[in-house]
Amino acid sequence: MSLRKPELLVLLTSLLLSSCSLFDIFNNDSKATDEEKGLYDDIILNIAYSSINDGYPINTYEHFKASIEYGFNSLKTDLRLSADNCLVLCHDPGFTLNKSGEIINYNSNGQTFLIEEMVSDDILSLSHASSSKKALFHPILAEDYLSLCKEHGIVPYMTVRKEEVEKTVNTLFQLLSRRGMEEDVIVNVFPPSVSTCEYIRRINDSVYISYTVGEGEPVSTGLINYVRSLGNAFLCV
C-alpha cells in the first residue's frame, strides 16, 4: 500500500481496542474543499491498535495476523532495542513474568526484566500467559513484523520511544532499507520530541512521521506549523 502524498498534515484520533481512520477529519469537514477531501480518499487507514479481544496477546505474530484477517490495513506497534541491538516489539520497557516464567502485564505482581538488558534470543524464548488459548505466544522482532506487513500489503505504524533514540532509528532504517520499505511506513514519535523528529528527518527526508501530542500539550498554530515543516508528517492527537 503506497503512502506517497506531498506535504501531508493530518489530525489522527487514536482509539484503544478499535480502529483509527486517519483521514476522516478532513473528509467530514464541511469547510474542506473538494480537492482537500479527495486528496485522502485512496489511503484511509484502519489501524489495529492494542488488543483485538480475540485471546491473542498484543505484539505477537498471531495478534498481527488476526488483525490482518479482521481487515485492518495498518498495524500499530512499539519499538524497543535489546542488549544485542535487535528491535523487539513491546509497548513497555520490559516484561513482567509470573511465577511460571510467563509474560504478564508490565509492572504487575511479578519479576520485571528490561528489554535493553536482555538479548533477543532470551526474549524470543519467553511466552505469554494466556487463559483462552492453549498455544504458546512469543514476542517477535521488528524484522518479522515488517516481513508480515510487506507480504500482506500492510502499512507498518511504529512508535519510537525516548530510550536509545538514535540507535533505534538507525537500526529501524537499516531494516527498512534491506526490504525497500522506507516509502511505505509511518514512524510515530512518543513521547513528543522535536529532537527525535529532526533526527528521523536527517536519516530520511521523506518517510512519514507521526508526532503524538503529549497529555496537556496544546495543539497550537506553532505546533501545527512545525509538523507541517517536517513534510510528510501527521499530528496525532
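For every chain, the first residue of its written sequence is number 1, and the numbers climb from 1 along that sequence. Restriction of local features to residues with pLDDT of at least 70 applies here, the model being predicted, together with a cutoff of 80 or more for giving and counting side-chain atom pairs; totals for whole chains, interfaces and linings are based on all residues. Side-chain metrics rest on all non-hydrogen atoms present in the structure, leaving aside hydrogens and water.

Take the nonpolar core next. Leu75, Leu79, Tyr145, Val187 and Ile200 are the most contacted members of the largest nonpolar core, which has 41 residues in total. The element contributing the most residues to this core is helix 6 (residues 165–179), with six residues. What makes a nonpolar core is a set of buried Ala, Val, Leu, Ile, Met, Phe, Trp, Tyr and Cys residues whose side-chain atoms join them at distances within 4.5 Å. Exposure categories follow from relative accessible area, calculated using a 1.4 Å probe and restricted to protein chains: below 20% of the type maximum is buried, above 50% is exposed, and the middle band is partly exposed. Membership of the second largest hydrophobic core comes to ten residues, among which are Val88, Phe95, Leu126 and Leu141. Every helix listed is a DSSP run of H or I at least four residues long, and every strand listed is a run of E at least two residues long, numbered separately from the N terminus.

Quick look at the environment of Ser210 now. Relative to the elements of secondary structure, Ser210 occurs in strand 10 (residues 208–212). Overall, the relative accessible area of 0% leaves Ser210 in the buried class. Sequence separation between Ser210 and Val237 is 27 residues, and the spatial gap between their C-alpha atoms is 9.9 Å. By the convention used here, residues are in contact when the closest approach between their heavy atoms is within 4.5 Å. Look past the residues within four positions of Ser210 in its chain and what remains in contact with it is Tyr157, Ile186, Val187, Asn188, Val189, Phe234 and Cys236.

In this section: the pattern of salt bridges. In what follows, salt bridge is the name for a side-chain nitrogen of Lys or Arg lying within 4 Å of a carboxyl oxygen of Asp or Glu. Following the criterion strictly, the structure yields three salt bridges and no others. As a salt-bridge pair, Asp78 and Lys76 come within 3.5 Å of each other at their nearest N and O atoms. Each member of the pair, Asp78 as well as Lys76, is classed as buried. The residue Glu163 makes a salt bridge to Arg80 at a minimum N-O spacing of 2.9 Å. Residue Glu163 is located in the loop between strand 8 (155–160) and helix 6, and its partner Arg80 is located in strand 3 (residues 74–81); the two are separated by 83 residues in the primary sequence.

On to helix 5 (residues 142–152). All of the buried residues along helix 5 are Ala142, Tyr145, Leu146, Leu148 and Cys149. Mapping the buried residues of helix 5 onto a view down its axis gives an arc of 160°, with all of them on the same face. The first or second residue beyond helix 5 is Gly153, which carries a positive phi of 70°. For this quantity, the arc is that covered by the directions from the helix axis to the C-beta atoms.

Cis geometry marks the peptide bond from Phe190 to Pro191, where omega comes out at -5°. Here Pro191 is to be found in the loop between strand 9 (186–189) and helix 7 (194–203). One non-glycine residue with positive phi stands out, namely Glu164, at about 50°. Examined against the element boundaries, Glu164 turns out to sit in the loop between strand 8 and helix 6. We note that Asn232 has phi near 50°; this positive angle belongs to a residue other than glycine. By the secondary structure assignment, Asn232 is in the loop between helix 8 (221–230) and strand 11 (233–236).

Turning our attention to the sheet that holds strand 7 (residues 111–114). A pair of strands is treated as paired once DSSP finds two or more bridges between them. Across the sheet, three strands lie side by side as 6-5-7; this open sheet has antiparallel pairing. Here the strands that pair on one side only, and so sit at the sheet edges, are strand 6 (103–104) and strand 7. Where strand 5 (residues 94–97) meets strand 6, two bridges bridge the pair, whose relative direction is antiparallel. Counterpart to Leu97 in the pairing with strand 6 is Ile103.

Further remarks concern the pairing of strand 10. Counting buried positions along strand 10 yields five of five residues, so the element is predominantly enclosed. The alternating pattern of strand 10 places Tyr208, Ser210 and Thr212 and Ile209 and Tyr211 on opposite faces, both of which are buried. When strand 9 meets strand 10, the two strands line up parallel, connected through four bridges. From the neighbouring strand, Val189 faces strand 10, where its bridge partner is Tyr211. Call a crossover right-handed when, viewed with both strands pointing away from you, the route from the first strand across the helix to the second goes clockwise. Taken together, strand 9, helix 7 and strand 10 constitute a β-α-β crossover, and its handedness is right-handed. Regarding topology, helix 8 serves as the crossover connection from strand 10 to the parallel strand 11, and that connection is right-handed.

The next point concerns the packing of aromatic side chains. For Phe, Tyr and Trp, rings pair up if their centres lie within 6.5 Å, where Trp contributes its six-membered ring, and each pair is then called stacked (planes under 30 degrees apart), edge-to-face (over 60) or tilted (otherwise). All chains considered together, the criterion is met by three aromatic pairs. Taking the centre distance of 5.1 Å and the plane angle of 55° together, the rings of Phe64 and Tyr145 count as tilted. Residue Phe64 is located in helix 3 (residues 61–69), and its partner Tyr145 is located in helix 5; the two are separated by 81 residues in the primary sequence. Comparing Phe64 with Tyr145, the two get one shared label, buried.

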